[in-house]
Amino acid sequence: MSSRIVTLAVDGEIAVISVNNPPVNTINAASRQGLFAALADIRSRAGISAVALVCEGSTFFSGADIGEFSGPPKEAEYRDLFRQLEQLPIPVVAGMHGVAMGGGLEIALACHYRVAVAGARFGLPEVTLGIIPGAGGTQRMPRLIGVEKTLDLILAARPVDVATGIALGFIDAEISGDVRSGTIEFARALVRDGAGPRPTAERSVDPKTATPAIIERLTQQAKSQYPNRQAALTAIKAVSASATLPFEQGLLYEEELANGAKATIESKALIHVFFAERDTRKVPGLPAEAKARPIASGGVVGAGTMGGGIAICFANANLPVTLLDSTQEALERGLAVIGATYDSMVKRGRLTAADKDRRMALIRGTLDYSELAQADVLIEAVFESLDLKRKIFKTLDEVARPGAVLATNTSTLDVTEIAAATRRPQDVIGLHFFSPANVMPLLEVVRTDRTDPAVIRTALDLAKALRKTPVVARVCYGFIGNRMMEGYAREAQRMVLEGATPRQVDHALEAWGMAMGILAVFDMAGIEVGVNVHRANADRYPPDPAYYQADFALHAAGRLGQKNGKGYYRYVAQDRARHDDPEALDILRRTAQRLNIPQRNHSPEEIVERCLYPLINEGMRILEEGVASRAADIDVVWCAGYGFPRYRGGPLFYADTIGLKTVRDGMLKYRDLFGPMHWQSAPLLDRLAAEGSTLESWEAARNRAQGASK
Ligand SMILES: NC(=O)c1ccc[n+]([C@@H]2O[C@H](COP(=O)([O-])OP(=O)(O)OC[C@H]3O[C@@H](n4cnc5c(N)ncnc54)[C@H](O)[C@@H]3O)[C@@H](O)[C@H]2O)c1
């Protein structure tokens, strides 16, 4: 028997089911169909004593096809397939390599024995997508390793290695050589030893692994590890049921819970972000004939905070990079910071000393522009000054080889104006990294009206090589992320002048799900950073005397944030905690008095609404203006770059879940309270709220219209 995806071969008395479903052997309808056929074929044959199940390519089944989650439930089909596998009257061995996650591991649990080659990894990460293992994993795994360890694995949601799998008890042995022959050999040994089938379903769960104390500990852990979320708690319900329910009933209970989990906003949001991140590189309207230019080396101008981080990204991607600064002192300081960053990784066991040396050797410092002449991409990261950047781009235009991509890391300046300093504006693009550049996954790719589509593609390829999530934006002040940040941060600062404490504001935002309250973020980034940006852009200010005045007042009092131990909070050297600081509160109070800002009480709901509604509102403007080409791109910017909770799907997905009318009514409510200056709702929001529509359906209609006009 042979299908394109699943092949059955007989090697002596061993039947070998081999699956080849590139790129990563996801289990989808076609692979399930092939497996059913292979099992039927095996049942019809005589003389087979054992079965080996293996995959070709880079990995064993990597998992179930996530694209199927939104379709009709597949649990019954999985149950049937895995039952047929488990009920074969001869030993069935899963031979694993690569990374077997979720459904990929669950199919192995339905086999009688599991072996793996060195380097293989296994996990049940479903809760990170808001779901639970739904192909028998919550019932089979506890029959192998107990309830507690199963839930430890599920809550950790991280893959474990072969040694851990053996120690936990769900892997029988590590095999050597290639996975196919190792698995066949293991199966032969079973036959030789007279070992029979060993159905997981027929084992019982050790009740000592599911005591009330254990379940309580895991429940508390789930609540603190996954606040505002249900999936981990649902997984606890499903797995602990394995200790009391007969296997078949347990499977039905798992199905009920799994389908409930799939229907939650949590899971829809997480799956939305998963696909949104995967799809940011598909840029609508980019001509197919625009081909990326090869990138084998880079150059970075400015060895400061960002330039150093960007150089590390290149070295980590095994790309040689030349780092230029204007003085020997600045260059040496930059290289020393890079060295210290790697040292701390070595110290934490994240890198070997040899790797550090290899990566440092890829970074070459220079003061001489001619050494940038061969680089394929040049990224400028000097001080935020248009004159300076234009001067540097003029020089880069003189030295860079034809076809090199010239990029700026500016956060606020007009990329079109920077490009105009060169004779090749078509090669100029914004590459807006986030700090620390070697850690943060987001990369805003800013195209001007003249940027060559091939340069955009090159930037997208570079992002992939540097392991960044790129989002393409058009030129505007603040691009996508910082432009949306304006209203969000403005309201947070305004509220501390209205009498809310920094802790109250940050706590409300964090309890809602933001990774870090915005005032604590300012303390971390340095209060002078925001002050400098606002000073440089004072001509864009709305006529609001309270605008960002909390930052200015703290800054004037010498409070720079964490770096000098005082900002919105006070910091002490011994710990990393934020302490309330009466001095800061006093400064804020006096500023409010001077500015005549009425005082009010702020509920957590008001804090969240006042920060989020302007954020969403600006996102809708950005979408309608075409600065972002998709709502999902905006969601990715905020999830990958600003700590927006993925389980809420990003600002625009979230807006649809609470209803655009709710957002619009909120904008009106605060407009009545605080006046129209900052509370003008976006035309798109007005329109869709009035129609009772969603962004999702608006976008779908727009895509259909665009498709029709092509
Ligand atoms: N720091 C952030 O969080 C952040 C985030 C995103 C983007 N950015 C942007 O990145 C750029 C750099 O910011 P930073 O925080 O790394 O600044 P920084 O002050 O840490 O570093 C700037 C570096 O540029 C060097 N430099 C100055 N003039 C130069 C010249 N003529 N030739 C060569 N080198 C010169 C300086 O010596 C310094 O090493 C800015 O445009 C900033 O807006 C910063």
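Whatever comes next refers back to the structure up there.
These remarks concern the structure in this document. None of the values given here were measured: they were computed from a predicted structure.

Describing the overall build of the protein chain
Next up, step 1: Scanning the protein chain for helices and strands turns up 29 helices and 19 strands.
Next up, step 2: The C-alpha radius of gyration computed for the protein chain amounts to 29 Å, which stays within 12% of the reference 27 Å derived for 710 residues, consistent with globular compactness.
Next up, step 3: If one aligns the C-alpha atoms of the protein chain with their principal axes, the spans along those axes are about 85 × 60 × 60 Å.
Next up, step 4: Expressed as a percentage of its 710 residues, the buried residues of the protein chain come to 56%.
Next up, step 5: Once local pairs closer than 6 in sequence are excluded, the contacts in the protein chain between residues at least 24 apart make up 74%.
Next up, step 6: In the form shown here, the protein chain has an accessible surface area of approximately 29500 Å², with 54% of it arising from carbon and sulfur atoms.
Next up, step 7: The distance from the centre of the 81 positive side-chain charges to the centre of the 82 negative ones in the protein chain is 1 Å.

So, the nonpolar core
Next up, step 1: Within the largest apolar cluster, 82 residues are counted, with the highest numbers of intra-cluster contacts made by Ile-480, Tyr-488, Met-620 and Trp-638.
Next up, step 2: In terms of residue count, the dominant contributor to this core is helix α24 (residues 604-625) (10 residues).
Next up, step 3: For Met-620, the contacting residues outside a window of four places in its chain are Leu-652, Leu-660, Ala-682, Leu-684, Leu-685, Leu-688 and Leu-695.
Next up, step 4: Residues Ala-15, Leu-85, Leu-88 and Ile-107 belong to the second largest nonpolar core, which totals 71 residues.

Quick notes on the sheet that holds strand β16 (residues 405-408)
Backbone-to-backbone hydrogen bonds join strands into a sheet, with any given pair of strands oriented parallel or antiparallel.
Next up, step 1: Taken together, the 8 strands give an open sheet; going across it, the order is β14-β13-β12-β15-β16-β17-β18-β19, and neighbouring strands pair in mixed fashion. Of all the strands in the sheet, just β14 (363-366) and β19 (469-474) have a single pairing partner and so form its edges. Strand-to-strand twist of the sheet, defined as the mean angle between neighbouring strand axes without regard to direction, takes the value 25°.
Next up, step 2: As paired strands, strand β17 (residues 428-433) and strand β18 (residues 442-447) are joined by 4 bridges and run antiparallel to one another. Across the sheet, Gly-430 pairs through a bridge with Val-446, a residue of β18.
Next up, step 3: In this fold helix α25 (residues 631-641) packs onto β18 and β19, with an angle of close to 130° to the strand it touches most, β19.

Cut-off values and rules
- Residues numbered from 1 in each chain as written.
- Predicted model: local features only at pLDDT ≥ 70, side-chain atom pairs only at ≥ 80, totals over all residues.
- Heavy atoms only, no water.
- Helix = DSSP H or I, 4+ residues; strand = E, 2+ residues; numbered from the N terminus.
- Rg over C-alpha atoms; globule rule 2.2 N^0.38 Å.
- Buried < 20%, exposed > 50% of the residue type's maximum accessible area, 1.4 Å probe, protein only.
- Contact = heavy atoms within 4.5 Å.
- Areas by Shrake-Rupley, 256 points an atom, 1.4 Å probe, with all protein chains shown as cover.
- Lys, Arg positive; Asp, Glu negative; His and termini not counted.
- Charge placed at Lys NZ, Arg CZ, Asp CG, Glu CD.
- Core = buried A, V, L, I, M, F, W, Y, C linked by side-chain atoms within 4.5 Å.
- Pairing = 2+ DSSP bridges.
- Axes fitted to C-alpha atoms, helices over the stretch in contact; angles between N-to-C directions.

Keep in mind these values describe shape, not function.
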